[in-house]
Amino acid sequence: MLEIGLFDAIYSARALRRLKPDPVPDEIITRILDAAIRAPSAGNTQNWAFIVVRDGEQRRQLGMIYRKASDIASEMYKARSRPAHMTEEQYRRLMTSGAYLWDHMGEAPVLLVPCLQERATPARATLPPFLDAMYERELAYERRIHGASIYPAVQNIILACRAFGLGTLITTNHIRCEEEVKALLGLPPDVSTYALMPIGYPQGKFGPLARKPVSEVAYVDRWGVAWPS
Ligand SMILES: Cc1cc2nc3c(=O)[nH]c(=O)nc-3n(C[C@H](O)[C@H](O)[C@H](O)COP(=O)(O)O)c2cc1C
């Protein structure tokens, strides 16, 4: 493992889509997974699962599903405008890099699929009347926070990969073809995938990460009063 400070890792763990085919040792994947499971989850349920896809044919198939799903994503991108904070050149580079992955996802030596098992909502009859009356709102709340029990683990994976000199990124396009992914991986009906993360030694370099500055996105006490950074 490289000696890298936490802030250096945070500032340099950019989305790396061009990866070498060289194998990644299992011990390193285990360390990355062990970092993932240190993440918080709602009620500490830890109802996550991580599928490490190494088999060449499984990766190829996942890559094909990602390719198909990305055709939909690409039309959505065309219909959206470029974010105001990005220059045309930055946006063009993002689109080029994204398009590269459409055709090369299956070539990464490891495809990691973070999943969550659904947690049944208590039946209405077991709840006090005031909660029964607002049951739909509670369901909406649960839907809203669901992914928050896996995405902190995904960020831990990104940072752990950075510490090992491995490239990765979070992708979600495949969720558009979720049923095919579930069938391929043999997932039980109540388990869903939340990301598809190619992992491998990078062809390019890490960071630095360009972001909108804190002064544009942070407020003090209420919306619109800029945080004095
Ligand atoms: C929720 C989410 C979904 C994403 N899905 C995809 C994806 O399907 N394909 C892809 O190439 N990148 C995907 N990304 C990666 C983003 O494009 C990337 O994080 C962003 O452009 C910032 O890149 P940078 O960290 O290199 O600056 C996704 C990121 C997030 C947070």
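Our structure is the block above this text.
Scope of this entry: the structure provided in the associated data block. In this text the structure is predicted, and so the values were computed from the model without any measurement.

Following the sequence through the fold, K182 ends up in helix α8 (residues 178-185). Despite its burial, K182 pairs with no opposite charge; the closest candidate is E179, at 4.8 Å N-O. Not counting residues within four places of it along the chain, the set of residues in contact with K182 comprises L187, P188, P189, V191 and S192.

Turning our eyes to something else, we now look at helix α3 (residues 56-79). Spanning 24 residues, α3 covers 35 Å between terminal C-alpha atoms, matching the ideal 34 Å at 1.5 Å per step. At S70, α3 shows its largest bend, some 25°. If you check which residues of α3 are buried, you get R59, L62, G63, I65, Y66, A69, S70, A73 and S74. Its buried side turned inward, α3 meets β1 (48-53), α4 (88-104), β2 (110-117) and α8. Where α3 begins, the side chain of D55 points an oxygen toward the backbone nitrogen of E57, at a separation of 3.1 Å.

This part is about the side chain of S41. You can see S41 is positioned in the loop between α2 (26-36) and β1. At 3.3 Å, the side chain of S41 forms a polar contact with the backbone nitrogen of T45. Other than its neighbours up to four places away in sequence, S41 contacts Q46, W48 and S149.

Within the largest apolar cluster, 27 residues are counted, with the highest numbers of intra-cluster contacts made by I32, F50, I157 and L166. Going through the elements one at a time, α2, β1, β2, α7 (151-163) and β4 (197-199) are the ones with two or more residues in this core. For this core, the element with the highest residue contribution is α7, accounting for seven residues. Once residues within four sequence positions are removed from consideration, I32 is found in contact with I157, A160, C161, F164 and L166. Within the second largest apolar cluster, 21 residues are counted, among which are L16, L185, L187 and F206.

Bringing the pattern of salt bridges into the picture now. A side chain of one charge can pair with a side chain of the opposite charge when the charged atoms of the two come close. Throughout the structure, instances matching the rule amount to 12 salt bridges. Salt-bridge contacts for E180 lead to K68; the nearest nitrogen and oxygen are separated by 2.5 Å. Taken together, the residues E180 in helix α8 and K68 in helix α3 connect sequence positions 112 residues apart. A salt bridge links E75 to K78; the nearest nitrogen and oxygen atoms lie 3.0 Å apart. Separated by three residues within a single helix, E75 and K78 lie in helix α3, roughly one turn from each other. For E75, a relative accessible area of 46% corresponds to the partly exposed category. Taken together, the salt bridges that share partners define one network made up of R67, D71 and D103.

The rules behind the values
- Residues numbered from 1 in each chain as written.
- Predicted model: local features only at pLDDT ≥ 70, side-chain atom pairs only at ≥ 80, totals over all residues.
- Heavy atoms only, no water.
- Helix = DSSP H or I, 4+ residues; strand = E, 2+ residues; numbered from the N terminus.
- Buried < 20%, exposed > 50% of the residue type's maximum accessible area, 1.4 Å probe, protein only.
- Lys, Arg positive; Asp, Glu negative; His and termini not counted.
- Salt bridge = Lys/Arg side-chain N within 4 Å of Asp/Glu carboxyl O.
- Contact = heavy atoms within 4.5 Å.
- Expected span 1.5 Å × (residues − 1).
- Bend = angle between axes of the 7 residues up to and from the residue.
- Polar contact = N/O pair within 3.5 Å; in protein donor to acceptor, adjacent residues only side chain to side chain.
- Core = buried A, V, L, I, M, F, W, Y, C linked by side-chain atoms within 4.5 Å.

Remember that the coordinates give geometry; whether it matters functionally is a separate question.
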